[in-house]
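Structure assessment
Spelled out, the chains give:
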Amino acid sequence: MARVYNFSAGPSALPESVLRQAADEMLDYQGCGHSVMEMSHRSKVFQSIIDGARDLVKELYNVPDNYKILFVQGGASTQFAAIPLNFLNKSGKADYIISGRWAKMAYKEAQKYGDVQIAASSEDKMFSYIPETTRESFRPDADYVYYCMNNTIYGTTFKYIPDTGDIPLVCDVSSCFFSEPLDISKFAVVYGGAQKNVAPAGLVIVIVREDLLGNARDYTPTMLDYKVQADADSLYNTPPCFTIYMCKLVLEWIKSFGGLEEMKAHNLKKANILYDYLDNSKMFKGTVVKEDRSLMNIPFVTGDADLDAKFIKEASDAGFINIKGHKTVGGMRASTYNAMPIEGVEALVEFMKKFEEANS
Ligand SMILES: *Cc1c(COP(=O)(O)O)cnc(C)c1O
């Protein structure tokens, strides 16, 4: 079977060349006679893989020297607890910007650990826009401010970095990870699950300012204490070796693509092809305000649930898979992560045009 265009929100498409390289190296990784899947995580050869992945994170994001790069497990959802356990440690207050479902879940989890408040929210309009914030939105003694940069489900993205003054800023970048340049120095912590843009599922990358480590609550599970992970260079226990290897291959692919500036241009081009069509279509419409539209997740609807269902079925039959919207939004969502080629989006738009013609 030919490869389909996979518009999944996550786990999502990986670059074809990366999958081919992984296949080539599956039985015998670079002459060592066994697979990365079977390798000791204490071996020299695995050490070079995890070091290589870490170096690429640092290089691509230009991570300053006073930050640690951690490879941890449990998905982004586990970090919803790890963040307050590690950083809610002075006033016990934290302020959350609620721009979507993942931010809201992080907020709910953090509430278990202290005085956690909502600083701004866009829930009043089904998260169809990004809330505005100023320094005055946050309590000056908050231990940190938290937000989610790209809202995977609703298809909005922050085009600004919230100004929090001296308050450490924590950001979930799961669904826009390595999709464009980011000034890491503006953040205390940036973290993301790998399965949207960086690797298969099973890995979270945490980029954390070193001076914030070492103050986790004493009952913090050892595995969730970022200081423990940092001191062990992410090898405190058995890490997800194969996923870290895949991460390294994907980051090498991004580097050979020209880095994050080039990746942004590529992502902008794809998103504009689809948004231009949506803005001109009489049948399909985007669901969020134009200013805050995501380059990664593009939800749209026809306004008729039966027609949406027909479209999803016919699109899937034609090789455009996983285009159904999240259950809380309905309609469709095309996720156009890094690995989606321009041809995939062009082909989808052609298919939508034909569908519009045939059904109106
Ligand atoms: C997918 C996603 C999550 C949840 O990730 P898990 O690894 O499944 O826990 C959290 N935040 C954002 C922005 C996401 O896109």
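Residues numbered from 1 in each chain as written. Predicted model: local features only at pLDDT ≥ 70, side-chain atom pairs only at ≥ 80, totals over all residues. Heavy atoms only, no water.

Looking at the site of the ligand
- As a structural note, the neighbourhood of the ligand is formed by 13 residues, with Ser77, Thr152, Asp172, Gln195 and Lys196 the closest of them.
- Between Ala76 and the ligand, the recorded distance is 3.0 Å, taken from a backbone N or O atom to an oxygen atom.
- If the ligand stood free it would expose 390 Å²; the protein chains cover 87% of that surface.
- Ranked by residue count, the leading element in the shell around the ligand is helix H3 (residues 75-87), at four residues. (Near = heavy atom within 4 Å. Polar contact = N/O pair within 3.5 Å; in protein donor to acceptor, adjacent residues only side chain to side chain. Areas by Shrake-Rupley, 256 points an atom, 1.4 Å probe, with all protein chains shown as cover. Helix = DSSP H or I, 4+ residues; strand = E, 2+ residues; numbered from the N terminus.)

A closer look at helix H4 (residues 101-110)
- Turning to H4, its buried residues number three or more, namely Ala103, Ala106, Tyr107 and Ala110. Viewed end-on, H4 has its buried residues packed into an arc of 100°, placing them on one side of the element.
- Buried-residue contacts for H4 involve H3, strand E3 (93-98), strand E4 (115-121) and strand E5 (144-148). (Buried < 20%, exposed > 50% of the residue type's maximum accessible area, 1.4 Å probe, protein only. Arc of directions from axis to C-beta. Contact = heavy atoms within 4.5 Å.)

Examining unusual backbone geometry
- Gly10 connects to Pro11 through a cis peptide bond whose omega is -10°.
- Here Pro11 lies in the loop between strand E1 (5-6) and helix H1 (16-24).
- You will see that Asp233, though not glycine, has its phi angle at about 50°, which is positive.
- Positioned with a positive phi, Asn322 is a non-glycine residue whose angle comes to about 60°.

Some details on the pattern of salt bridges
- The full count for this structure, using the stated rule, is 22 salt bridges.
- In this structure, the salt-bridge partner of Asp115 is Arg139, at a minimum N-O distance of 2.9 Å. Of the two residues, Asp115 is situated in strand E4 and Arg139 in the loop between E4 and E5; the sequence distance between them amounts to 24 residues.
- Its relative accessible area of 32% is what places Asp115 among the partly exposed residues.
- Through salt bridges that share partners, Arg3, Glu16 and Arg20 make up one connected network. (Salt bridge = Lys/Arg side-chain N within 4 Å of Asp/Glu carboxyl O.)

A closer look at the sheet that holds E4
- Taken together, the seven strands give an open sheet; going across it, the order is E2-E10-E9-E8-E5-E3-E4, and neighbouring strands pair in mixed fashion. The open sheet has two free edges, formed respectively by strand E2 (67-72) and E4, since each of these has just one partner strand. With strand direction ignored, the average angle separating the axes of adjacent strands in the sheet is 20°.
- Examined bridge by bridge, E3 and E5 share three bridges and lie parallel to one another. Counted as the bridge partner of Ala94 is Tyr144 from E5.
- Along the sheet face, H3 touches E2, E3, E5, strand E8 (169-172), strand E9 (189-193) and strand E10 (204-209) and points at about 160° away from the line of E9. (Pairing = 2+ DSSP bridges. Axes fitted to C-alpha atoms, helices over the stretch in contact; angles between N-to-C directions.)

Details of the pairing of E3
- Among the six residues in E3, five count as buried, and that is most of the element.
- Note that E3 and E4 share six bridges and pair parallel. Bridged to Ala94 within E4 is Val116.
- Following the chain from E3 across H4 to the adjacent parallel E4, one finds a crossover that is right-handed. (Right-handed = clockwise from strand over helix to strand, strands pointing away.)

Section: the domain arrangement of the chain
- Taken domain by domain, the chain comprises domain 1 (17-257) and domain 2 (259-358).
- Each of domain 1 and domain 2 was reduced to a C-alpha centroid, and the two centroids are 27 Å apart.
- Between domain 1 and domain 2, the residue contacts involve 29 residues of the former and 27 residues of the latter.
- Between domain 1 and domain 2, roughly 2,300 Å² of surface is buried when both sides are summed, and carbon and sulfur atoms account for 58% of that area.
- Its salt-bridge partner being Glu180, residue Lys264 comes within 3.8 Å of it at the nearest N-O pair.
- Scanning the region where domain 1 abuts domain 2 turns up 13 residue pairs in polar contact (both at pLDDT 80 or more).
- Of all the elements in the fold, those that place two or more residues in the side of domain 1 that touches domain 2 are helix H2 (44-61), strand E6 (150-151), strand E7 (156-157) and helix H6 (241-257). (Domains from an automatic or database assignment. Buried area = accessible area lost by both parts, 1.4 Å probe.)

Details of the packing of aromatic side chains
- Applying the stated criterion across every chain yields a total of 25 aromatic pairs.
- Pairing Tyr96 with Tyr146 gives two aromatic rings, centres 4.5 Å apart and planes at 15°, and the pair type is stacked. In this pair, Tyr96 is assigned in strand E3 and Tyr146 in strand E5, connecting sequence segments 50 residues apart. You'll find Tyr96 and Tyr146 in the same group, each marked buried. (Phe/Tyr/Trp six-rings, centres within 6.5 Å; stacked < 30°, edge-to-face > 60°.)

Focus on the sheet that holds strand E12 (residues 297-301)
- With antiparallel pairing, the three strands of this open sheet are ordered in space as E11-E12-E14. This sheet does not close on itself; its edge strands, each paired only once, are strand E11 (285-286) and strand E14 (332-335).
- Here four bridges tie E12 to E14, and the two strands are oriented antiparallel to one another. Across the sheet, residue Ile298 finds its bridge partner in E14, namely Ala334.
- Along the sheet face, helix H7 (residues 260-280) touches E11, E12 and E14 and points at about 15° away from the line of E12.

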